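Structural overview
Given next are the chains, with one letter for each unit.
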Amino acid sequence: MLAVTVLLALLAALSNAGASVLQRRAAVQEPDEGTGAGSAVRRLAHLLRRPYWLAGAGLLALSSLLQAGALAVGSLSLVQPLLAAELLFTLAVGSVVFRRRPDRRTWLAFVALAVGLSVFLLAAEPSAGRPSAPPRSWLLGGGGALAAVVLLVATARPTRGAPRAALLGLASAVAFATTAALLKEAVGQLGDGPGAMFAHWALYATGGAGLVAFLLLQGALGAGSLTASQPALTLGDALTSVVLGWVLFAETIRLGLSLIPEAIGVALIGAGSIGLAHAPSLRGDWDSSVPGRPPDRGGERQPAPRGH
């Protein structure tokens, strides 16, 4: 069952990476029209006409199905951290879509993230916990997640560029982790039959939380480079899920001497994140221009016109 959980989670990570890259590919073709609700609606209306964005949305839906399957047979604390492999898949898929080959330093940063994640998960050995959470736990965990999202969005409003992308990416991460927790609560009802799942509040709350996470993700992708948003999104999702797994489903990780390799894993993840943020090949216009467009007089590539 562990192998099935890992396989489904990694396939979900691959689908998520493809979705992020394709939707970022569409987002760079849209000019920045401000931060108001009207601007966001107009931007989304334009994106809905772009094939890259629609393909990314399809991959995001596929990822949700794969994630649901993984959560049905595994713990939240295992499945969501495995989705951090999305960082590696984003590098590979993004290199193809944006036709820019990352340098060795960038690859090393991503390898550090992958190794750190593996070391942490192997040392922590997240437990399965209980299939559903009591209402009191949902008040604590859900309320805390909601407060975190509101705070991050409020902090992001006056910012621009990479800081805004990182903050919105982190807010999206918390929302996605909460969505996963709600999805696990919903699929936990399957023991009483499919009817019990469709009659449970968590299934419909999953849709609402997923919509919020999706909209925050669009804001993060439009605000700045994947370099800023993607580490905050994937790592924030992993760490939030470990916390929610403990609060909601009584999932635990190993302590004692295991804290040493766990700390090493976290340190590697941190080192990889810092290295990624300063990697030359992922700065500038790595994913900020459309491949095949002629450069302007300053050497930057022009965005493609709308409707293409």
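In the block above lies the structure referred to throughout.
Every value quoted in this text rests on a predicted model; they were computed, and no experiment measured them.

Here helix 3 (residues 51-73) crosses helix 8 (residues 161-187) at 60°, and the two axes come no closer than 9 Å. Considered as vectors, helix 3 and helix 8 are oriented oblique to each other. Where helix 3 crosses over helix 8, the two elements pack in a sense that is right-handed. Facing Ser64, Gln67, Ala68, Leu71 and Ala72 of helix 3, the residues of helix 8 in contact are Ala180, Leu183, Lys184 and Val187. A per-class count over the contact of helix 3 with helix 8 returns 6 nonpolar, 2 polar and 1 charged.

Bringing unusual backbone geometry into the picture now. A positive phi is found at Glu125, a non-glycine position, where the angle reads about 45°. Within the secondary structure, Glu125 is located in the loop between helix 6 (104-124) and helix 7 (135-156). In this model, Ala250 sits at a positive phi of 60°, which is unusual for a non-glycine residue. Looking at the secondary structure, you find Ala250 in the loop between helix 11 (226-249) and helix 12 (259-277).

Within the secondary structure layout, Leu221 lies in helix 10 (residues 201-223). For Leu221, a relative accessible area of 1% corresponds to the buried category.

Thresholds, definitions, all that
Residues numbered from 1 in each chain as written. Predicted model: local features only at pLDDT ≥ 70, side-chain atom pairs only at ≥ 80, totals over all residues. Heavy atoms only, no water. Axes fitted to C-alpha atoms, helices over the stretch in contact; angles between N-to-C directions. Helix = DSSP H or I, 4+ residues; strand = E, 2+ residues; numbered from the N terminus. Parallel < 35°, antiparallel > 145°, perpendicular 65-115°, else oblique. Left-handed = near helix turned anticlockwise from the far one by under 90°. Contact = heavy atoms within 4.5 Å. Nonpolar A, V, L, I, M, F, W, Y, C, P; charged D, E, K, R; others polar. Buried < 20%, exposed > 50% of the residue type's maximum accessible area, 1.4 Å probe, protein only.

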